[in-house]
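Structural overview
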Amino acid sequence: MQTPLTIPVPVPVPVLRLPWGPDGLSCGFAHDGRRAALKPEVPAVQECPRVQGSGESQEQWAQTALRERYLHSLLTMVRHQVSFTWHEGVHVAAHFGATDLDVANFYVSQLQTPIGVQAEALLRCSDIISYTFKP
């Protein structure tokens, strides 16, 4: 009596789609650390001109200033040791490398977790509650 051959059903694998790289041809992060140059100085909030008009335009100006400060802090974190706090009170530390265009993922190296050290990793920003670093 012959038994029918069973073909295993392939399990779908989740794929992380990274943005286009700095050269426009590759996906992901540049290995040599290239990135677009930012303005050399970020003006303080007091130095920025006040927007005259509706409250909506002032709110937009405030959001723009906060986003610019946040992006400047991300640039400052590069190659520094950063401590991350995740859900359930998990604390990890790593050397910050880069972020994608949407600031949805952080690329880190030497990720120190409670179960060991990972050479390189992508951290989802939605999993991070807070992070700290010393410039």
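Here the structure is a predicted model, which means the values were calculated and not measured. (Residues numbered from 1 in each chain as written. Predicted model: local features only at pLDDT ≥ 70, side-chain atom pairs only at ≥ 80, totals over all residues. Heavy atoms only, no water.)

Moving on: unusual backbone geometry. Phi is positive for Glu-88, which is not a glycine, with a value near 65°. Residue position: Glu-88 is located in the loop between strand S1 (81–86) and strand S2 (91–99). In the Ramachandran plot, Val-103 falls in the positive-phi region, its phi being about 50° despite a non-glycine side chain. Tracing the backbone through its elements, the reader meets Val-103 in the loop between S2 and strand S3 (105–113). According to the relative accessible area criterion, Val-103 is buried, its value standing at 14%. (Helix = DSSP H or I, 4+ residues; strand = E, 2+ residues; numbered from the N terminus. Buried < 20%, exposed > 50% of the residue type's maximum accessible area, 1.4 Å probe, protein only.)

Two aromatic rings, taken as a pair, are described by how far apart their centres are and by the angle between their planes. Using the criterion set out here, one finds four aromatic pairs in the structure. Centre to centre, the rings of Phe-106 and Tyr-131 are 5.8 Å apart; their planes meet at 85°, and the pair counts as edge-to-face. Taken together, the positions of Phe-106 in strand S3 and Tyr-131 in strand S5 (residues 128–133) put the pair 25 residues apart, joining distant regions of the chain. By relative accessible area, Tyr-131 is classed as partly exposed at 23%. Through a chain of ring-to-ring contacts, three or more aromatic side chains come together here, namely Phe-84, Phe-96, Phe-106 and Tyr-131. (Phe/Tyr/Trp six-rings, centres within 6.5 Å; stacked < 30°, edge-to-face > 60°.)

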